[in-house]
Every structure is written in structure tokens, then in C-alpha cells.
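# Close look at the chain arrangement
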Amino acid sequence: MSILINKNTKLVVQGITGRDGGFHASKMKEYGTQVVAGVSPGKEGETVNGIPVFNSVENAVKATGANTSVIFVPAAFAADAILEASAAGIDLVIAISEGVPVNDMIRVMPILKRNKTKLIGPNCPGLITPGESLVGILPGTIFKKGNVGLMSRSGTLTYEVVNMLTESNLGQTTCVGIGGDPVAGLYYLDLLEMFENDPDTEAVVLIGEIGGDAEEQAARFITEKMSKPVVAFIAGQTAPSGKRMGHAGAIISSGSGTAAEKIAAFDKAGVPVAKEPSEIPLLLKEKLIKIHA
Amino acid sequence: MKIHEYQARQIFREYGIPVPDDKLCHSVKEVEEAVANKNGMTVIKAQVLAGGRGKAGGVKLAKTKSEAVEHAKKILGMDIKGYTVEKVLVTDAVDIKKEFYVGLINDRNTKSVILMVSAEGGVEIEEVAKTNPEKIIKYPIDPLTGLLDYEARNIAMKLFGDIKLVRQAASIFQKLYKLYVATDSTLAEINPLIVNTEDQIWAIDGKMNFDDNALFRQPEILAMREPDEDELKEIDAHEKGLSYIKLDGTIGCMVNGAGLAMATMDMIKLYGGSPANFLDIGGSSNPQKVVDAMNILLSDKNVKAVMINIFGGITRCDDVARGLIKALKIINTDVPIVVRLSGTNATEGLAMIEQTGLPTVKTMSEAAKKAIELSNR
């Protein structure tokens, strides 16, 4: 099992005729993802690496039965692309686009809620269920099928950690990059619940960073609702206050959202926090030995 | 992006929020001219992009013209939290009966804009939030309807008893929300919002921040930007596709990805060093980006060693190595550099770097240790 995507996921790529959209559509297909359609207004009838292109998400869904969408359009048009996917009945939308204005996302949220559309991102690397489906820009080769669930606000830091997990023979059920923006779709609590209910996931890795209080909320949720072990890492202990650290959401404002507060919350919840990424596989193995003992 | 108080007041006025008259002055002479025709009391306010100006002595009430000039002499040139005061705002003093707080922010949890009001105005709202959180009223605004008349009125009724004041305040809340959305703000604060002795409501101080992601569609806001020296460097880096923030340490870092860049800084600290910067070169291995990044890094004279930390995913390590080699041919530096490449095509990349004689390592931890060792030589 896995969460959110699996071998039956039928993917439509919005912005498939762009440079990134085209490149990653081919990469995803190569990985084994069922990439059934692309969307690019005015280019219906064309194909990209054998993938049929449609004028609208609606047309793509009608012709192919796509149920998941990944968005590569420029940031200024991302909100519209998300809403188009939602209106066409797509269940899960993954927005890769970076630099989407936060007010656009705020306007999108109530409509997604009404249509019961799940969103991941924006400004995220996507997600992967190893061996079954890859949606986004993650490098497929570093992942391995297994029993660890992972969620992260980061891209390359996630790859770093996943690479270590795989080298330590700790495969993954599903790895989700939730993105670095302050207002985003599915977040820790949603995913922790999904991993808790996924029979194949035995333990979870949470990679957080400075900004907001989602990690503190996750810590409370773990205490109250999770039976499975969680291991955490928090980036940004040396980040200065008031500066946006690359990600729009990675900012300590008025002294809150610091790494120290987040680490303290996890400590209180009994969630081990790795001092450096290479400690994550060790902490996980300790937890997993206890389960299997 | 942040703006000064005088700029926030201009925006408030454009949207019909009552703000007392003011004049921006860059010199004592300009202050003399500004108060020449004034009869009442004035307030001289330092214009810097830092909070706590009042506590630092940057805001002073003047009863007479000569007193205003004396205050201006002291405040101009003053240092407030590392910012030198280069301009002051001269405003009419208002007879304050009571002070309130009004603010709008983006809230991550409700994924909406939240209106915050409090009868505890004039002090830092973060303080109130810590000591008396129940004294702040928070109201999430539905982005599809905006702040409706009855909503604004009901919130205002929690602060005011007199219906005339309720109507004035409600109208200000709605105007503030309108300008917040129109300008892609991430913070719009009136603190304090005051009632004067004639029962009129005025905004007498304002603070606004804007969404950097939306500046492309906000040319008027972008034109208000007055960056300091460090911010100029950050903006320059941003235009080159890099994300750079200067810090105080001695180890320069160049990393692909923001999360990994933060983790790299943390690791340097963990092993006893201090990071000189945050620098994310993004997902591209374009040699020009590497050259630009190295130039920015090495322009910081505190940098005693450079740690390059790349995890190749879609980015190939051999491409990054090519960029680095090209960059190092252009840039002449005797600052020691340690290179860590991992992930896609790392073996090929590392072999290429080794030919240049630069020290290479396989893991982040080794790279941090090596960089610290090199910086101490």
C-alpha cells in the first residue's frame, strides 16, 4: 500500500509543452507513472514523447480518465491551472510552480474545499510511491520500495535524506514534498493521518524547517493520534530572524517560528530529532527494532 | 518587501483611511520649513525599517517649533537597531483619547487573511499576544466575499460602544482589507488607531509588508523599495537566479536547494564553525550561476573557507563540476574551497574536481569538518 498515488494513478501534466513540463513528463513516464495526457491550450492533437496533448483539463479527463494532475505552468498562472483541474473533477493536484503569490493561493483554498480536491504544493518537488508512480521532479533512482513514509517542506534536503535511507536499506511507502510556501495544500496533519492509516507504513520521517507553527501542531498530533513512530529533522537553526530563507514560508517573524521552538515541541512529544541528516536512518532503525522486537 | 511608515501612510490615504497631515524631511532645514507654518504641536518620527522606534528615542512630541527642530537634530543620524536615520516624518500631533490596534496578516493555519483588532493599541502586538492573547480578537476573512459590512460592524462593536465610532472603524477595516488585497500585502497594520477628543478615528502609525512573489504585478509598490546595503546584495543575487542572505560567520556556503542550504549552515554550526551566508543556487548547474554565486560569496571579506554542497537529483553532478571548474578559471582566489558532490553522476563529477586539486569529500558532515579545518589555518 501507499498514500495518495499508486500504480493506478492516471496523470495529466498541465503545461506539458513548456521546457520543464515536457522534460519531467518524459522522466515520469520513464519511471513508470501512467502519464495519460498533457494540457496546453491551442495544442490539442499534438503529442509530447507519445503523450497526447489536450486544450483543457476537461478534455483530457474526458478522453483519458485522468484523476491526478501535476502543474508546471508559470507562477502567475498557477492558481488558474489549479482551479481548472479542480473544476474538471481531478482528485489530487500537485503544483510544482515556484513563486505563486500567496493571495492567489488564499483565493483558491475555499474552492478546492468545496470541490473536495486535494492539493500538494505549490513550490514543491511532488511525491513518489517507489516502484509504482512518481509525480513531480523527484529523482526516481534514489528511492526504494519499503515501509517508511516521509514528508518534507524541502526538495534537495529530502533527496539527501532519502538517499541515506535507501543506502541504509530503509525503503519508502510514499515520500511527499509538501512545499516551501506559507499557504499550501496537504500538510503534516493530513499526511500523518494518512500514514497512520496506511497498513504498509511502519514509521514516518518528518523534515521541517523554520517558519509558522505546523511542526508544533504535528508534535501535538503525534502525541494524541499516532501509534506509529516518527523521526524528525528541522532545518534552519542558524537562520536569522526576519529573513526569508529561500522558501517563502521559511521565515522567523517577530521571534516565532524558530527551529528551537519546533525541536522543543518534538522533544516534548517524544519524537527524536536528528542533529544532522545522517542521524535519521539510525534513529529510524532504533524505532523499527522496537516494533519488530 | 518592507516599506517605511511614511509610505504606508500614503497608501492608507489613497484608500481613504484618515491619516493626519505629514511632511517627509531629509534635513534639519527641511524640518524648520515644515514646522514654519504650523501652530499646534507636532511629532517628529524617525523613518527606518525597524520596529521599536519609540523606545529607541526616534519618536518625539514637540510643543513648539524650536523644540521640533531640536528633536530633528537629535533624531537625524541616530542609529536604531543598526539603521541610520536619514529621514524624519513631521506630523501634526493628535489629542488621543484612546488607542487601538488593527492589523491584517496571512494566516497559515486557516489559509486565509485574518483581521486582528485589540483595545490594547500603541504597544507591540506581539507583546499583547504573549501576555494577554485573549485581548486580541481574530477574524478570518472569506476571500470569496471579502470583509462584508455586517462583519466589519460586528467586529468594530467589540471595540466601541458608540455607533458613530463603530461605523467609522468598520469603514477603516474594510478599506484596510481592500488595500491589503489590492497591493498583495502580507502585513498591514494600523498601530495605533486612535479616537481623538472630538470622537474622530485616525490612523497615526502604519506598517506594511508585501509578498515578494507578487512584486511582478505591483510596479507601484516595487517603486517604493528602499533597500539597505545587505538587501541590495540580496536583490542583485535574486536577479541572477540565486537566493543569498549574508550572515556574520567565516564559512561561505554554496548549496542547491533552500532546505539543504539551511541544513548546511546548521551543520557548520554543529561542528563548531559559523556560516557566512545562506546561498541557494537553485536547481540549475548553469556555469554562469556558479560564477555569480562564487563572486557574491567571495565579496564577503569575512569568508575564510568555502563549502560547496551539492546533492544531484535531476541536476547532474558532472554538470555542476564543469560549472565550478569554469568558474574557478575566471575567479582568482586564495580562499580554500572544499567540494562535496553526491547523487546523480557524483563519481564523474568528483573525478573532474580532483584533477583541479581541490579537496573533495562524499558527505555533508565531512565537508563541514573539512571547511572548518581549512578556515582555521
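Residues numbered from 1 in each chain as written. Chains lettered and ligands numbered in written order. Predicted model: local features only at pLDDT ≥ 70, side-chain atom pairs only at ≥ 80, totals over all residues. Heavy atoms only, no water.

### Focus: the pairing of strand β17 (residues 337–343) of chain B
Residue and element names in this part refer to chain B. Applicable threshold: Here's how the labels work: a residue is buried when its accessible area is under 20% of the maximum for its type, exposed when over 50%, partly exposed in between, all with a 1.4 Å probe on protein chains only. Numbering of helices and strands starts at the N terminus; helices are DSSP runs of H or I of at least 4 residues and strands are runs of E of at least 2. Note on handedness: a crossover is taken as right-handed if, strands pointing away from the viewer, the path from the first strand over the helix to the second is clockwise. Should DSSP find at least two bridges between two strands, the strands are regarded as paired.
Judged by how many residues are buried, β17 sits mostly within the fold: six of seven residues are covered. Traced from strand β16 (residues 305–312) through helix α11 (residues 317–330) to β17, the parallel crossover comes out right-handed. Pairing of β17 with strand β18 (residues 360–361), which is carried by two bridges, proceeds in the parallel orientation. Bridge pairing links V339 to T360 in β18. Note on the crossover from β17 through helix α12 (residues 346–355) to β18: the handedness is right-handed.

### Considerations on the pattern of salt bridges
Note the following rule: Criterion for a salt bridge: a side-chain nitrogen of Lys or Arg within 4 Å of a carboxyl oxygen of Asp or Glu.
A full pass over the atoms with the stated rule returns 33 salt bridges over all chains. With a shortest N-O distance of 3.4 Å, D104(A) and R107(A) are connected by a salt bridge. With D104(A) and R107(A) both in helix α4 (residues 102–115), this residue pair falls three residues apart, about one helical turn. Beyond isolated ion pairs, a larger network of salt bridges with shared partners links E5(B), R9(B), R13(B), D22(B), K45(B), R53(B) and D205(B).

### A few points about the sheet that holds strand β4 (residues 51–54) of chain A
As a general point, the strands of a sheet are linked pairwise by backbone hydrogen bonds and lie either parallel or antiparallel. Residue and element names in this part refer to chain A. Pairing is mixed across the open sheet formed by seven strands, whose spatial order is β3-β4-β2-β1-β5-β6-β7. A strand with exactly one partner marks an edge of an open sheet, and here the two such strands are β3 (47–48) and β7 (118–120). Summarising the sheet, strand β1 (residues 10–14) and strand β5 (residues 68–71) pair through four bridges and their orientation is parallel. If you follow L11 over to β5, its bridge partner there is T68.

### Re the domain arrangement of chain A
Residue and element names in this part refer to chain A. The following threshold applies: As used throughout, domain bounds are those supplied by an automatic or database domain assignment. What makes two residues a contact is simply this: any of their non-hydrogen atoms within 4.5 Å. Note on terms: buried area is the combined drop in 1.4 Å-probe accessible area of two parts once they are placed together, counting the loss on both. Contacts described as polar in this section are N or O atom pairs within 3.5 Å, which, within protein, must combine one atom able to donate a hydrogen with one able to accept it, while residues neighboring in sequence count only if both atoms come from side chains. The classification used treats Ala, Val, Leu, Ile, Met, Phe, Trp, Tyr, Cys and Pro as nonpolar, Asp, Glu, Lys and Arg as charged, and all other residues, Gly among them, as polar.
Along its sequence, chain A is organised into domain 1 (10–120) and domain 2 (139–292). Placing a centre on the C-alpha atoms of domain 1 and another on those of domain 2 gives a separation of 27 Å. Taken together, the contact pairs nine residues of domain 1 with eleven residues of domain 2. Of the roughly 760 Å² buried where domain 1 meets domain 2, counting both sides, 73% is carbon and sulfur surface. Linking domain 1 to domain 2 there are one residue pair in polar contact (both at pLDDT 80 or more). Broken down by secondary-structure element, the contributors of at least two residues to the side of domain 1 that touches domain 2 are α4 and β7. It is α4 that provides the largest number of residues to the side of domain 1 that touches domain 2, a total of four residues. When the residues that make up the side of domain 1 that touches domain 2 are grouped by side-chain class, the tally is eight nonpolar, no polar and one charged.

### Here we look at the nonpolar core
Worth spelling out the cut-off: Definition of nonpolar core: a set of buried residues of the types Ala, Val, Leu, Ile, Met, Phe, Trp, Tyr and Cys, connected through side-chain atoms within 4.5 Å.
Core analysis: the largest hydrophobic core is formed by 102 residues, its most contacted members being V13(A), V70(A), I94(A), Y188(A), L192(A), M245(A) and F266(A). Among the elements that line this core, the one with the most residues is helix α9 (residues 258–270) of chain B, at eight residues. Both domains that furnish three or more residues to this core are identified here as domain 1 (10–120) and domain 2 (139–292) of chain A. Setting aside its immediate chain neighbours within four residues, M245(A) contacts I210(A), A239(A), P240(A), A250(A), I245(B), A258(B), M262(B), M265(B) and F278(B).

### Some remarks on the interface of chain B and chain A
Facing 48 residues of chain B, the contacting portion of chain A comprises 57 residues. The largest per-residue losses of area from chain B upon contact with chain A belong to R108(B), K111(B) and I314(B), which jointly make up 19% of the total buried on that side. Here chain B is connected to chain A by four salt bridges. Between chain B and chain A we count 18 residue pairs in polar contact (both at pLDDT 80 or more) in total. In terms of residue class, the side of chain B that touches chain A is made up of 22 nonpolar, 13 polar and 13 charged.

### A look at the sheet that holds strand β1 (residues 22–25) of chain B
Residues and elements named next belong to chain B. We apply this condition: For every element, the axis is a line fit to its C-alpha atoms; helices are fit only across the contacting stretch, and the angle between N-to-C directions ranges from 0 to 180 degrees.
Ordered in space as β1-β6-β2-β3, the four strands form an open sheet in which the pairing is antiparallel. Where the open sheet ends on each side, the last strands, each with one partner, are β1 and β3 (59–62). Averaged over all pairs of adjacent strands, the angle between their axes in this sheet comes to 20°, without regard to strand direction. Where β1 and strand β6 (residues 88–92) come together, four bridges link them in antiparallel fashion. Looking at the pairing, C25 lines up with V88 of β6. Docked against the sheet, helix α3 (residues 65–75) engages β2 (42–46), β3 and β6, running at close to 165° with respect to β3.

### Comments concerning unusual backbone geometry
Residue and element names in this part refer to chain A. Cis peptide bonds are those with omega within 30 degrees of zero, and the linkage from G121 to P122 qualifies with 10°. The topology assignment puts P122 in the loop between β7 and β8 (126–129). The backbone of N123 shows a phi angle near 55°, a positive value even though the residue is not glycine. Structurally, N123 can be placed in the loop between β7 and β8. In this structure N123 comes out as buried when scored by relative accessible area, which is 12%.

### Considerations on the packing of aromatic side chains
Residue and element names in this part refer to chain B. Applied cut-off: Under the pairing criterion, centres of Phe, Tyr and Trp rings, with the six-membered ring standing for Trp, must be within 6.5 Å; the plane angle then separates stacked pairs below 30 degrees from edge-to-face pairs above 60, leaving the rest tilted. Criterion for a charge above a ring: Lys NZ or Arg CZ within 6 Å of the ring centre, and within 35 degrees of the ring normal.
Counted by the stated rule, this structure contains two aromatic pairs over all chains. Here the aromatic rings of F100 and F160 are separated by 4.5 Å at their centres, their planes lie at 50°, and the arrangement is tilted. In this pair, F100 is assigned in strand β7 (residues 96–107) and F160 in the loop between α5 (149–157) and α6 (163–182), connecting sequence segments 60 residues apart. Exposure class is identical for F100 and F160. Each is buried. Cation over ring: K98 sits above F100, and NZ or CZ is 5.1 Å from the ring centre.

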